[in-house]
Amino acid sequence: MVIKKTRAAYVLLPGKQWLNRAGVALLVTFSVSLLMMSKSGNPAAERIRTDITDIMTPVLAVASSPMDSLHDAGTWFKEISQLREENARLQYQNAQLLQWQTAAKEMEVENRSLRNLLKVVPSQKSTYITARLVSDVSGPYVHSALINGGSESGIKKDEAVTNENGLIGRVITVGAGSARVLLLSDINSHVPVITEHTQEKSILAGNNTEWPTLSYLPATSNVAVGERIVTSGDGGIFPPGIPVGVVTSVEAGAVKVQLFSDVAKAKYVSVVDYAF
Amino acid sequence: MIPTGRRLELFFLAILPGLITVVLAIFFLSSKHMSGFGQFMPALPLMPVFYWGLTYSRDMPYWFMFLLGLMMDAVMGAPLGLSSLLYMLFLKLLHMQRRFIHKEGFIIKWSYFAALLAIIDALDGWALVFFKAGAINIQAAFLQWVFTICCYPILHKVFDMLSEYIQSRRWQILHGN
């Protein structure tokens, strides 16, 4: 079928094309403006971001449910198939823990009496808020996660985020019903840490890979492979003693750390309100 | 005169490509509980954009690219507006060559998708280095590019079937069958 263009079509078509081009130009201008606002840390840009994440968080929570169920089913089958070995391992671990419990009780009594003797000011206890992880983006460019709790749940900026294995990251933006967590592996993440055995302080710096590195170690550092890394508490953001990871390689001054917490496997996280 | 029910169906058929893009974007962003998978998770939202931008460009408008990019940036924590700009550029580059590759075979389209994706990924990486003042994981970026290219034929086939259905249904509604 041949469509014959009318005179009106010839007049209206360039007008419509012009409008389309103007619309695209407007969108490009708006995107560039947003980019500049984002770069300069403009509060309006952050407001737009948190408003969008507040809307998207319930959607993402629903979207991740099938994967949650699949993950749970996989874990269940794995647990069933390994029940016998798991039972033997737990019995052995239980015997070991009972020995540790006796030692810990003795140390607790000793610690309390020493604290009383030295009149140590007691450190404030941390409070925890549990939230569900609805999105984790650990791609080549950005390493962050979204949780379904925000200012309405009492979550505040810069609070530490942990799971049962250790530190995951810290809260960087807070919306009403959502919060963004900067993961330890992100290039912008810098966490004060200390080696558990040699007691050397350094900064755990993310590099967008799964193995962050230790920076600012002393030149005479004795850090070796297998050394456990925990938070030092310096800076007052993270409570001291949260497990972070273990040193996996020490090569040409670069100390790589394998993190204890695997954010991809985490379903729920704890946000730690640490009063310094 | 088309009845209201049919009009609604036409509307649904028109927004279906956009809807599929949003669903794939949400799946891309949601938590998948697979260790290390995030490093090379295929860039799912760009596949329907490429397919429908090439096949029926009217169903993939620039304003939709802008909103999609904004959603991606907000959830991923990237600088706001970056993905919007890149997605609009992706669509513009696609439209520039559309008349040459539209009638070509699958291999040509696939190659063009790979080339466009490489350009967008390179610009994304460069922009993030500039904005976040740090290096990107090039190995992971390359892996993600490879996996996206590898996944494209499967989705292309699915979109082909869906597109055929949409066209036949539109024809039926408009011509009263």
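Structure shown above.
Since we're looking at a predicted model, the values are computed, not measured.

Engineer: Can you tell me about helix H4 (residues 83–118) of chain A, naming the residues and giving the values?
Structural biologist: Helix length check: H4(A), at 36 residues, gives a terminal C-alpha distance of 49 Å against a target of 52 Å (1.5 Å per residue), a fit within 8%. Burial within H4(A) is sparse, with just zero of its 36 residues counted as buried.

Engineer: So what's going on with the pairing of strand E10 (residues 243–251) of chain A? Which residues, and what values?
Structural biologist: All names here are of chain A. Sheet analysis places strand E9 (residues 228–231) next to E10, joined by three bridges and oriented antiparallel. Opposite Ile229, over in E10, you have Gly245 as the bridge partner. Of the strand pairs in this sheet, E10 and strand E11 (residues 254–259) are connected by six bridges, and their pairing is antiparallel. Counterpart to Gly245 in the pairing with E11 is Leu259. Counting the residues between successive antiparallel strands, the hairpin from E10 to E11 contains two residues, one of them, Ala252, with a positive phi of roughly 45°.

Engineer: Summarise the interface of chain B and chain A; cite the residues concerned and give the values.
Structural biologist: If you look at the interface, chain B gives 43 residues, while chain A gives 45 residues. The set of elements that each furnish at least two residues to the side of chain B that touches chain A consists of helix H1 (4–29), helix H3 (62–76), helix H4 (82–101), helix H5 (106–132) and helix H6 (138–174) of chain B. Residue contributions to the side of chain B that touches chain A peak at eight residues, all from H3(B). A class-by-class count of the residues in the side of chain B that touches chain A yields 26 nonpolar, 14 polar and three charged.

Engineer: Help me get a handle on the sheet that holds strand E1 (residues 127–138) of chain A, residues and values and all.
Structural biologist: All names here are of chain A. Reading around the circumference, E1-E2-E5-E4-E3-E12 is the order of the six strands in this closed barrel, with antiparallel pairing throughout. Averaged over all neighbouring strand pairs, the angle between strand axes comes to 45°, with direction disregarded. Of the pairings in the sheet, the one linking strand E4 (residues 166–174) to strand E5 (residues 179–183) comprises five bridges and is antiparallel in character. Directly across from Arg170, in E5, lies its bridge partner Leu182.

Engineer: Account for the environment of Leu174(B), naming residues and giving values.
Structural biologist: All names here are of chain B. The topology assignment puts Leu174 in helix H6. By C-beta crowding, Leu174 is classed as exposed, having 11 other C-beta atoms within 10 Å. In the structure, Leu174 is positioned 168 residues away from Arg6 in sequence and 8.8 Å away in space, judged by C-alpha atoms.

Engineer: Hey, could you go over the nonpolar core for me, with residue numbers and the actual values?
Structural biologist: Soluble, globular proteins show a tendency: their nonpolar side chains are buried together. Formed by 95 residues in total, the largest nonpolar core has its most connected members in Ile147(A), Ile168(A), Val181(A), Leu204(A), Met71(B) and Leu91(B). Here this core gets 11 residues from one element, more than from any other, and that element is H3(B). Once residues lying within four places of it in the same chain are set aside, the contact partners of Ile147(A) are Ala131(A), Arg132(A), Leu133(A), Val134(A), Ser178(A), Ala179(A), Val181(A) and Val269(A).

Engineer: Describe unusual backbone geometry, and please don't skip the residues or the numbers.
Structural biologist: Residue and element names in this part refer to chain A. Unusually for a residue other than glycine, Asp158 sits at a positive phi of about 75°. Along the chain, the position of Asp158 falls in the loop between strand E2 (143–147) and strand E3 (160–163). Unlike most non-glycine residues, Gln199 shows phi in positive territory, near 55°. Secondary-structure assignment places Gln199 in the loop between strand E6 (190–195) and strand E7 (201–205).

Engineer: Summarise the packing of H3(B) against H4(B); cite the residues concerned and give the values.
Structural biologist: Residue and element names in this part refer to chain B. Orientation of H3 relative to H4, taken along the N-to-C sense of each, is 145°, at an axis distance of 7 Å. Where H3 crosses over H4, the two elements pack in a sense that is right-handed. Here Tyr62, Met65, Phe66, Leu68, Gly69, Leu70, Met72 and Asp73 of H3 come into contact with H4, specifically with Leu82, Ser83, Ser84, Leu86, Tyr87, Met88 and Leu91.

Engineer: How would you explain the sheet that holds E11(A) if you had to name every residue and give the values?
Structural biologist: All names here are of chain A. Around the barrel, six strands lie side by side as E6-E7-E8-E11-E10-E9; this closed barrel has antiparallel pairing. Strand after strand, the sheet turns through a mean of 45° between neighbouring axes, direction not considered. Pairing analysis gives three bridges linking E7 to strand E8 (residues 213–215), with the strands arranged antiparallel. Across the sheet, residue Ile203 finds its bridge partner in E8, namely Ser215.

The rules behind the values
- Residues numbered from 1 in each chain as written.
- Chains lettered and ligands numbered in written order.
- Predicted model: local features only at pLDDT ≥ 70, side-chain atom pairs only at ≥ 80, totals over all residues.
- Helix = DSSP H or I, 4+ residues; strand = E, 2+ residues; numbered from the N terminus.
- Expected span 1.5 Å × (residues − 1).
- Buried ≥ 20, exposed ≤ 12 C-beta atoms within 10 Å, placed from the backbone.
- Pairing = 2+ DSSP bridges.
- Contact = placed C-beta atoms within 7 Å.
- Nonpolar A, V, L, I, M, F, W, Y, C, P; charged D, E, K, R; others polar.
- Axes fitted to C-alpha atoms, helices over the stretch in contact; angles between N-to-C directions.
- Core = buried A, V, L, I, M, F, W, Y, C linked by C-beta atoms within 7 Å.
- Left-handed = near helix turned anticlockwise from the far one by under 90°.

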